[in-house]
Amino acid sequence: MAQADEMSTSPVQGVARPEASDFQHSSISEAKKQFGLLHTSLVGMTLIIFVFLVAIALPVIGYPPVTHLGSLIVIFIATLGGIGYLYYLNYGVYKLVSEHDKLNAVLVNSLGQGFLSFGKDGICDHVYSQACLDFFGTEPGGKNIMDVLRVPEEGRTDFQGWVDILFMPDHALGFPDVINFLPQILAHPKKRRITLDYKPIYSKARVLSRVMLIATDVTEEYDAQDLAKKRQEYADMICRIFRERNQFLATITHIRSFLEQAAAPDAVENKAAILRHLHTLKAAVKHFHLGELSATVHGLESELRSDTAAAPEEFKKLLLAGRACIDRGLGEVLDAIKDLIGTDYERRGNTHEIEESALYNFALVMNVSGVSKDVIDHYLRFIVAVPIQDCFRQFERELQDLSEITGKQIKSVRYSGSNPPVLLREYQQMFFSLTHVCRNIVDHGIEPSVTRIARGKDPAGQVLIECDVIPDVMESEKEWLHIVISDDGGGIDVARVREKLLEADSTMQLQNIDDHAIIQNIFTYGISTRDRVTDLSGRGVGMNVVKREVENINGRIEVFSELYRGTRFEIFVPYLLSI
């Protein structure tokens, strides 16, 4: 009864509904009235019993006993009548309270929420709503709340610690602060989305006596949000394809190239090349919001890099199965967009006003026909070539996309230099690979805003891109395209790179190697300063891809970094503006 009194004088916040409260108030008032009658009856019954006992005790105290039959009958009738009336009132109160209890159960269960309470010892009370059986898959009564919530073993010590703090009368944290460290989502075996909310139950002395847990099934709401997200991604995909038609075509070409490579007889022997191709493809597919296809590519890469795929036979089996899934996913994407962009867009190729290949072929025709080299160079520079800053549009958009995903603030890219024209076809693979530099900047370089503020920086990071053409000091007729991509982020932790190199090969002698030479190893295949693989980085593959693409066109790449100040990538490739 003490516990019931505590609960009645300290209602739980945010649980009762107005309609239920009004009815409960009237029902409780009626119950009080019945209890008042019961108390009156008890007083009357006490007097009757007292008279009855006095009548029996008369001979004991020296008075003559009651011998008159009428008096005795009156006493017995009054006693039996009082007992009967008392039973009648008690039955009325019992019936009213029972009906009230049933009504409360109906009202609580009709909310579709799970209600239960537990104390400092973590043991759940035996009063709970019917929904708890569905949500938790067990009867909570008498069980520890950690068992009901299926808290994993490694998290139980922390859970109990926060519960202990919760019930400390003088702890510095408030109730809302502490419950943030308790589970907010129930790990449901059927993948339902069950949110958990905690409300305090205080005693009359304003001391926390129990905690009420409210479980709510929000699966339908999340499903609706997920559907809305997929529709938004579809709209974003269509918009991005229209804006970047040439890049989308390049992505489709890369997917088809991978499908051919994966089906080749020597696919197992080219394992490293396939994994690099797949890693680059994942970034490109994700850029166009091809959600399911992106997940398929990511899943295949994870499978092929797992221990399960160590054996050549198993690698080939997983590769062919994944290839079929990617091929099917590509078909679904093309079917979804064929009504919007047609079915012959692949045949048309990258176009400005005419096919890009035709522009290059025309230059070859002029060359074979003996047209002046100056005329051909003029044609290539002003008709075929594009300003190099236009080649970084995808880089810019991906930088903003990734900043939204990671919650980091990044300003628009700032350009400097002469913005020279370039023949995109000559550098397309290299620009395609720069997605990994973009991801490296966001995931490894730019810090969260709170960290940047603590370091005295602007909350938003800045990426700079400088492009120029510089002469070769050795060959006067040769020129280099110089590209610098820099950020003002946290820089590269040289000690971390050294640690990762030793993990890869414990026999390496790194004592006499300077820091600048050490950080060049971020381009080494399999070296990453991340301990955990994410969608953005962690496999030690992306920067190796960039280096390979730069070297494929006889260029070189170098990285410079200062801890907490930023990182700078410098790329030198031959400047090609002629055939």
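Given the structure is predicted, the values throughout are model-derived calculations rather than measurements. (Residues numbered from 1 in each chain as written. Predicted model: local features only at pLDDT ≥ 70, side-chain atom pairs only at ≥ 80, totals over all residues. Heavy atoms only, no water.)

A. Structural context of the nonpolar core. Ranked by internal contacts, the top residues of the largest apolar core, which has 55 residues, are F392, F395, F431, L434, V437, I483 and I485. Those residues in contact with F395, other than ones at most four positions away along the chain, are L434, V437, C438, I441, V463, I465 and I485. If you look at the next biggest cluster of nonpolar residues, it comprises 30 residues, including I238, I252, V285 and I337. (Core = buried A, V, L, I, M, F, W, Y, C linked by side-chain atoms within 4.5 Å. Buried < 20%, exposed > 50% of the residue type's maximum accessible area, 1.4 Å probe, protein only. Contact = heavy atoms within 4.5 Å.)

B. Just the confidence of the model for the chain, in detail. Scored by pLDDT, the chain comes out at a mean of 82, with 82% of its residues at no less than 70. Low confidence marks residues 1-28, where pLDDT is under 50. Its contacts with residues over four positions away, or in another chain, come to 30 contacts. (pLDDT = per-residue confidence, 0-100.)

C. Molecular detail of the packing of aromatic side chains. Evaluation of the coordinates by the stated rule reveals seven aromatic pairs. Summarising the aromatic geometry, the rings of F248 and F288 are spaced 5.4 Å apart at their centres and angled 70° between planes, so their arrangement reads as edge-to-face. Placement of the pair is F248 in helix α9 (residues 245-263) and F288 in the loop between α10 (271-287) and α11 (291-304), with a sequence separation of 40 residues. The buried category is assigned to F288, whose relative accessible area is 0%. With centroids separated by 6.0 Å and ring planes inclined at 80°, the aromatic side chains of F392 and F395 adopt a geometry described as edge-to-face. Each member of the pair, F392 as well as F395, is classed as buried. (Phe/Tyr/Trp six-rings, centres within 6.5 Å; stacked < 30°, edge-to-face > 60°. Helix = DSSP H or I, 4+ residues; strand = E, 2+ residues; numbered from the N terminus.)

D. Looking closely at the environment of E221. Residue placement: E221 occurs in helix α8 (residues 219-243). By relative accessible area, which is 42% here, E221 ends up partly exposed. Between the C-alpha atoms of E221 and R193, which are 28 residues apart in sequence, the distance is 9.1 Å.

E. Layout of the sheet that holds strand β2 (residues 185-187). If you walk across this open sheet you meet the four strands as β1-β4-β3-β2, and the pairing is antiparallel. In this open sheet, the two strands that pair with only one neighbour each are β1 (114-118) and β2. For this sheet the average axis-to-axis angle between neighbouring strands, irrespective of direction, equals 35°. Here nine bridges tie strand β3 (residues 193-202) to strand β4 (residues 208-217), and the two strands are oriented antiparallel to one another. When the bridges of β4 are listed, Y202 appears paired with L208. (Pairing = 2+ DSSP bridges. Axes fitted to C-alpha atoms, helices over the stretch in contact; angles between N-to-C directions.)

F. Structural detail: the pairing of β1. Extensive coverage of β1 is indicated by the burial of five of its five residues. On β1, burial covers both faces: G114, L116 and F118 on one face and F115 and S117 on the other are all buried. Pairing geometry for β1 and β4, over five bridges, is antiparallel. When the sheet's bridge partners are listed, G114 is paired in β4 with A215.

G. Region of the structure containing the pairing of strand β8 (residues 463-471). Where strand β6 (residues 414-417) meets β8, four bridges bridge the pair, whose relative direction is parallel. Within β8, the position partnered with G417 by the bridge is C467. The pairing of β8 with strand β9 (residues 479-487) spans nine bridges and is antiparallel. Pairing of I470 across the sheet is with W480, part of β9.

H. Molecular detail of the sheet that holds β6. Read across the open sheet, the five strands follow the order β6-β8-β9-β11-β10; overall the sheet is mixed. Here the strands that pair on one side only, and so sit at the sheet edges, are β6 and β10 (556-562). Taken pair by pair, the neighbouring strands of this sheet meet at an average axis angle of 15°, ignoring direction.

I. Main features of the state of the cysteines. In the structure shown here, the tally under the stated rule is zero disulfides. Of all cysteine sulfurs, the one in C467 lies closest to C391, which takes part in no disulfide; the gap is 8.6 Å. Its relative accessible area of 15% is what places C391 among the buried residues. (Disulfide = S-S within 2.5 Å.)

J. Spotlight on unusual backbone geometry. Even without being a glycine, N554 presents a positive backbone phi close to 60°. Of note, N554 is situated in the loop between α22 (542-552) and β10. On the accessibility criterion, N554 (62% relative accessible area) is exposed. Even without glycine at this site, Y564 takes up a positive phi of about 70°. Relative to the elements of secondary structure, Y564 occurs in the loop between β10 and β11 (566-574). For Y564, a relative accessible area of 45% puts it in the partly exposed group.

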